[in-house]
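Structural overview
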Amino acid sequence: MEAAVTDKHIQLTCSIEPDVMIKSDPERIKQVIAILFENAIKYTNENGKIDLSLMKSKRHIVFSIKNTGKGIGKQDLPRIFDRFYRADPSRTQETDGYGLGLSIAKAIIERLGGEIRAESVENEYAAFTLTLGL
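Residues numbered from 1 in each chain as written. Predicted model: local features only at pLDDT ≥ 70, side-chain atom pairs only at ≥ 80, totals over all residues. Heavy atoms only, no water.

Our focus in this paragraph is the environment of Ser-120. Relative to the helices and strands, Ser-120 is located in strand β4 (residues 115-121). A relative accessible area of 14% means that Ser-120 is categorised as buried. Linking Ser-120 and Leu-77, residues 43 residues apart in sequence, is a C-alpha distance of 7.9 Å. Ignoring any residue separated from it by four or fewer positions in sequence, one finds Ser-120 in contact with Gly-71, Ile-72, Leu-77, Tyr-125 and Ala-126. Of note is the side chain of Ser-120, whose polar atom sits 2.7 Å from the backbone nitrogen of Ile-72. Within polar-contact distance, the side chain of Ser-120 engages the backbone oxygen of Tyr-125 at 2.6 Å. (Helix = DSSP H or I, 4+ residues; strand = E, 2+ residues; numbered from the N terminus. Buried < 20%, exposed > 50% of the residue type's maximum accessible area, 1.4 Å probe, protein only. Contact = heavy atoms within 4.5 Å. Polar contact = N/O pair within 3.5 Å; in protein donor to acceptor, adjacent residues only side chain to side chain.)

With that settled, consider the sheet that holds strand β1 (residues 11-16). Spatially, β1-β2-β3-β5-β4 is the arrangement adopted by the five strands of the open sheet, whose pairing is mixed. Of all the strands in the sheet, just β1 and β4 have a single pairing partner and so form its edges. In this sheet, adjacent strand axes meet at a mean angle of 10° when their direction is disregarded. One ladder, built from eight bridges, connects strand β2 (residues 49-57) with strand β3 (residues 60-68); its direction is antiparallel. For Asp-51, the partnering residue across the bridge sits in β3 and is Lys-66. Strands in contact with helix α2 (residues 26-43) are β1, β2, β3, β4 and β5 (125-133); relative to β3, the strand with the most contacts, it is inclined by about 20°. (Pairing = 2+ DSSP bridges. Axes fitted to C-alpha atoms, helices over the stretch in contact; angles between N-to-C directions.)

Inspection of every chain in the model, using the stated rule, returns four salt bridges. Between Lys-30 and Glu-27 there is a salt bridge; the shortest N-O distance is 3.2 Å. Pair noted here: Lys-30 and Glu-27 are both in helix α2, with a separation of three residues, about one helical turn. Classification of Glu-27 by relative accessible area gives partly exposed; the value is 46%. Where Lys-106 meets Glu-110, a salt bridge forms, and the shortest distance between an N and an O atom there is 3.8 Å. With Lys-106 and Glu-110 both in helix α3 (residues 101-111) and four residues apart, this pair spans about one turn of that helix. Given the relative accessible area of 28%, Lys-106 is considered partly exposed. (Salt bridge = Lys/Arg side-chain N within 4 Å of Asp/Glu carboxyl O.)

Judged by nonpolar contacts, the single largest core of 26 residues is most densely connected at Leu-36, Ile-65, Phe-128 and Leu-130. Elements supplying a minimum of two residues to this core: α2, β2, β3, α3 and β5. Considering every element that reaches this core, the biggest residue donor is α2, with six residues. Setting aside anything within four residues of it in sequence, one finds Leu-130 in contact with Val-32, Ile-33, Leu-36, Ile-61, Val-62, Phe-63, Ile-109, Glu-115 and Ile-116. (Core = buried A, V, L, I, M, F, W, Y, C linked by side-chain atoms within 4.5 Å.)

Moving on, we get to the environment of Leu-12. Tracing the backbone through its elements, the reader meets Leu-12 in strand β1. Along the sequence, Leu-12 and Lys-66 sit 54 residues apart, while their C-alpha atoms lie 10 Å from each other. Ignoring sequence-local partners within four residues, the contact set of Leu-12 consists of Phe-37, Ile-50 and Leu-52.

This is the structure we're talking about:
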């Protein structure tokens, strides 16, 4: 995904705590991270910023990805993980996809015993945080 980050001149910052390990399904975890990272790139504004973090919190790991840009409207946040839901129909032409990625990510994380949540300030940022037990 490096080419997409470079093409949009996105500043990428990572804060990864050393020695964070969990017993889980590595392929499913990669799939969720890829979905979240692809969405962040897709919806980050030109010359924007993406912040990634991974840390331990008590008996959990917490992964967060935050991107600058249009964000998600308050009215859309409760439905953002619904299948086929697209927050802004006018953007369907601008961005590829069917509105399945976030619902797939949520289903995977819940199946692994974790949780995922979204927060946003419209026209500023969107952030997704997932928590999984160690």
